[in-house]
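Notes for the structure review
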Amino acid sequence: MPDSMSEQLQQDMQCEGLLECFHGLKQLDKECFRALVAADEPMTVDEIADAVDRERSTAYRAVQRLLQTGFIQKDQVNYDQGGYYHVYFPTDPSKIADSMQRMLNDWYAKMGQLIQEFENKYEQQTETTAPAEIEG
């Protein structure tokens, strides 16, 4: 992923690139998310690991990152004899989109504030250090 905003604007980005851009998700995180979206029903970590051909512990870390960002959710399934396990499923895309839109709006407001601070800071310095105009 490019570092500067101008590089990002010049690059051809896919919608899945938003996962990386907004939340710093890794390739494996995106693969796990795609596997959950493609599944007909919620999946266990073991099933996700099989789907992305990774070790359970590696898939578990990706699932945790997806949970933290709100891209997926988990449910607890209880056994009749006692005990339980968790299954994971994707969050409604409209909720994810709303969350990213709020984050973008917050970022935009913060950048606007920083741009104004930049202008104020350097406008004042320019006014105090500019050579006096020569009257002719």
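Figured I'd write up the structure that's included with this text.

Topic: helix α3 (residues 27-38)
With twelve residues, α3 extends 17 Å from end C-alpha to end C-alpha; this agrees with the ideal 16 Å at 1.5 Å per step. Those residues of α3 that sit buried are Leu 28, Asp 29, Lys 30, Cys 32, Phe 33, Ala 35 and Leu 36.

Details of a negative patch on the surface
Together, Asp 40, Glu 41, Glu 47, Asp 50 and Asp 53 make up a negatively charged patch on the protein surface. Residue classification places Asp 50 among the exposed residues on the basis of a relative accessible area of 63%.

A short note on the packing of α3 against helix α5 (residues 56-69)
Put simply, α3 and α5 touch, their axes get as near as 9 Å, and they point 80° apart. One way to sum up the angle between α3 and α5 is to call them roughly perpendicular. Within the contact between the two elements, α3 uses Leu 28, Asp 29, Cys 32 and Phe 33 and α5 uses Thr 58, Ala 62, Arg 65 and Leu 66. The class makeup of the residues in the contact of α3 with α5 is five nonpolar, one polar and two charged.

Some thoughts on the pattern of salt bridges
All chains considered together, the criterion is met by two salt bridges. Note that Asp 29 is salt-bridged to Arg 65, the shortest N-O span being 2.8 Å. Of this pair, Asp 29 sits in helix α3 while Arg 65 is found in helix α5, placing the two residues 36 residues apart along the sequence. Residue class for Asp 29 comes out buried when judged on its relative accessible area of 0%. When the shortest N-O distance is used, the salt bridge between Asp 46 and Arg 56 registers 2.9 Å. Placement of the pair is Asp 46 in helix α4 (residues 45-52) and Arg 56 in helix α5, with a sequence separation of ten residues. Of the residues examined, Asp 46 reaches a relative accessible area of 40% and is grouped as partly exposed.

Rules and cut-offs
- Residues numbered from 1 in each chain as written.
- Predicted model: local features only at pLDDT ≥ 70, side-chain atom pairs only at ≥ 80, totals over all residues.
- Heavy atoms only, no water.
- Helix = DSSP H or I, 4+ residues; strand = E, 2+ residues; numbered from the N terminus.
- Expected span 1.5 Å × (residues − 1).
- Buried < 20%, exposed > 50% of the residue type's maximum accessible area, 1.4 Å probe, protein only.
- Patch = residues over 30% accessible without salt bridge, like charges linked within 9 Å, V, L, I, M, F, W, Y side chains within 5 Å.
- Areas by Shrake-Rupley, 256 points an atom, 1.4 Å probe, with all protein chains shown as cover.
- Salt bridge = Lys/Arg side-chain N within 4 Å of Asp/Glu carboxyl O.
- Lys, Arg positive; Asp, Glu negative; His and termini not counted.
- Charge placed at Lys NZ, Arg CZ, Asp CG, Glu CD.
- Axes fitted to C-alpha atoms, helices over the stretch in contact; angles between N-to-C directions.
- Parallel < 35°, antiparallel > 145°, perpendicular 65-115°, else oblique.
- Contact = heavy atoms within 4.5 Å.
- Nonpolar A, V, L, I, M, F, W, Y, C, P; charged D, E, K, R; others polar.

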